[in-house]
There are 2 protein chains.
Amino acid sequence: MLIQMKVEGMLFDPRSNMYILLLKEVNGNGTLPIWIGKPEADSIALALGKVETPRPLTHDLIKNIAENLKIKISKIIVTDIQDNTYYALICLNDGKKETLVDSRPSDAVAVALRVNAPIFVEDRIMEMKSSDELEEWLKNLKPEDFGNIM
Amino acid sequence: MLIQMKVEGMLFDPRSNMYILLLKEVNGNGTLPIWIGKPEADSIALALGKVETPRPLTHDLIKNIAENLKIKISKIIVTDIQDNTYYALICLNDGKKETLVDSRPSDAVAVALRVNAPIFVEDRIMEMKSSDELEEWLKNLKPEDFGNIM
C-alpha cells in the first residue's frame, strides 16, 4: 500500500556530512528521513522556495524534457531500503501507458516538487525505516535546526 | 553551421571557484572553454572515466528516462553566449520528429557523454568565445593542470 507524503524539511547532519530530507505523512504523523547529497539538497531547497534560476538546473531540465515530450510525471514512489540506500521510482505517463524509471529518492523528490507530483512511500518502508538512536535524535530537534537550507 | 567538438579536459579555475570544461574541435584546433559548477563537473568526470555508481546520478536518470521512453538523444548543440552565460540544446528524437530542449551546456555534455551523442557548437560561438587574457592563460597551461578531476 502507498502512503502519501510531503516534504517536512531538510537539515544538515554533521555526523555524515550529508543532508536529511524529512518526509512526513500527509494523513498521519509518521516521518521518513532520507540522507541525500548537497547538490540534490540545494535543488530541493530551490524548489521549496520557488526560486527561479536564470538557467534551468538539472532537475528543471528533467521537467522540461517531460513537458516537451508531452509526458506527465504522475507520481514518485520511495520503494525500498537496502543497506541504508533508498530506492525510488518516477512514474511517467504519456496518456496511454505508465513507464517506471529507477531513481534516487532525492532526484525523484526534486523533480516531483517542480511538477507538483504526489510523493508516495511503500508502507513497509515506514516500518523498517530507522534506528532508535535516529528516532531519539529527530525527536529532540528544535525548529531552528531546520532553518538552514529551507 | 555546426562544428563537432569533443571534451578535451576539465580544470579548476581558482579565480572564479568554478570548473572549466574545455571542448576542442574534432577536425581542427579551436577550443571552447565553458565555466561550469562542481556538481556538473563531477558528473562529467565520472562519465569520462566510465565510472559506474551504485545508484543512478541525475544525468544517468535523464539517460534512463529517455531509454525507457524509447527516445534517442541524437545530439547536443552549444548555441549561444550572452553575458558569459552559455546556452545549449538537447535534441531528442522519437523516430518521427525532433524535439529541442533548452539546457545548460554542462548538463547537455554530461548527458551526451552517457549516450555517446555528438557534441556540436554553432560556428559563430567559436569567434565570440574568449578574451585575449583567457587565450593566453589557456595557451600556458601545462598537462598537469588538467589532471585533477579527469
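The rules behind these values
- Per chain, the residues get numbers from 1 upward, laid out in the order the sequence is written.
- Chain A is the first chain written and ligand 1 is the first ligand written, with later ones labelled in order.
- The predicted origin of the model limits local features to residues at a pLDDT of at least 70 and limits the giving and counting of side-chain atom pairs to 80 or more, whereas totals for whole chains, interfaces and linings rest on all residues.
- Where side-chain values are given, they derive from all heavy atoms of the structure, hydrogens and water being excluded.
- Values of pLDDT, the confidence the predictor places in each residue, fall between 0 and 100.
- For this overlay, a least-squares fit was computed on C-alpha atoms, restricted to residues scoring pLDDT of at least 70 in both copies.
- By definition in these notes, contact holds between two residues if any of their heavy atoms fall within 4.5 Å.
- Buried area: the accessible area, evaluated with a 1.4 Å probe, that two parts lose upon being put together, summed over both parts.
- Salt bridge criterion: a side-chain nitrogen from Lys or Arg within 4 Å of a carboxyl oxygen from Asp or Glu.
- Take the buried residues of types Ala, Val, Leu, Ile, Met, Phe, Trp, Tyr and Cys, join any two whose side-chain atoms come within 4.5 Å, and each joined set is a nonpolar core.
- Three exposure classes are used, based on accessible area relative to the maximum for each residue type with a 1.4 Å probe and protein chains only: buried under 20%, partly exposed in between, and exposed over 50%.
- The helix count covers DSSP runs of H or I at least four residues long, the strand count covers runs of E at least two residues long, and both are numbered beginning at the N terminus.
- Paired strands are those between which DSSP finds at least two bridges.
- For helices, the axis comes from a line fit to the C-alpha atoms of the stretch in contact; other axes are also lines fit to C-alpha atoms, and the angle between any two N-to-C directions lies between 0 and 180 degrees.

## Some remarks on the confidence of the model for chain A
For chain A, the mean per-residue pLDDT works out to 88, and 85% of the residues sit at or above 70. Listed scores for the predicted complex are pTM 0.88 and ipTM 0.88.

## Let's talk about the relation of the copies chain B and chain A
Here chain B sits on chain A after a turn of 180° about the axis and a move of 0.0 Å along it, with an RMSD of 0.0 Å. Taken together, the rotation and translation relating the two chain copies correspond to the operation of a two-fold axis. A share of 100% of the interface residues of chain B reappears at the interface of chain A, consistent with the copies meeting face to face through the same patch.

## Let's talk about the interface of chain B and chain A
Every contact between the two is made by 27 residues of chain B and, on the other side, 27 residues of chain A. Counting the surface lost from both chain B and chain A, the interface buries some 2300 Å², and carbon and sulfur atoms represent 69% of this. Three residues, Arg55, Thr58 and Leu61 of chain B, lead the burial of chain B against chain A; their summed loss comes to 27% of the area buried on that side. Summed over the shared surface of chain B and chain A, the result is two salt bridges.

## Some words on the nonpolar core
One finds Leu23 and Leu32 of chain A together with Leu21, Leu23 and Leu32 of chain B to be the most contacted residues of the largest nonpolar core, which totals 76 residues. Contacts of leucine 21 of chain B, omitting those with residues within four sequence positions, involve Val7, Gly9, Met10, Leu32, Pro33, Ile34, Ile36, Ile44 and Val109 of chain B.

## Comments concerning the side chain of threonine 79 of chain A
If you trace the backbone, threonine 79 of chain A turns up in strand 4 (residues 72–82). If near-sequence neighbours (up to four positions away) are discounted, threonine 79 of chain A is found in contact with Tyr87, Ala88, Leu89, Glu122, Arg124 and Ile125 of chain A.

## As for the pairing of strand 5 (residues 85–93) of chain B
Residue and element names in this part refer to chain B. Pairing analysis gives nine bridges linking strand 4 (residues 72–82) to strand 5, with the strands arranged antiparallel. Looking at the pairing, lysine 72 lines up with asparagine 93 of strand 5. In the sheet, strand 5 pairs with strand 6 (residues 98–103) via six bridges, with the strands oriented antiparallel. Among the inter-strand pairings, leucine 89 is bridged to a residue of strand 6, identified as aspartate 102.

## Overview of helix 1 (residues 38–48) of chain A
Those residues of helix 1 of chain A that fall on the buried side of the exposure criterion are Glu40, Ala41, Ser43, Ile44, Ala45 and Ala47 of chain A. Contacts from the buried residues of helix 1 of chain A go to strand 1 (2–13), strand 2 (18–25), strand 3 (31–36), helix 2 (58–68) and helix 3 (105–115) of chain A together with helix 2 (58–68) of chain B.

## Description of the sheet that holds strand 6 (residues 98–103) of chain A
Within a sheet, adjacent strands bond to each other through the backbone by hydrogen bonds, running parallel or antiparallel. Residue and element names in this part refer to chain A. Judged by pairing direction, the sheet is mixed, and its seven strands sit side by side in the order 3-2-1-7-4-5-6 without closing on themselves. Both outer strands of the open sheet, strand 3 and strand 6, are each paired with one neighbouring strand and no more. Looking at each pair of strands side by side, their axes are set apart by 35° on average, direction ignored.

## Considerations on unusual backbone geometry
A positive phi angle, near 50°, is found at lysine 50 of chain A, a position not held by glycine. Within the secondary structure layout, lysine 50 of chain A lies in the loop between helix 1 and helix 2. Backbone geometry places lysine 70 of chain B, a non-glycine residue, at a positive phi of 55°. The residue lysine 70 of chain B is located in the loop between helix 2 and strand 4 in this model.

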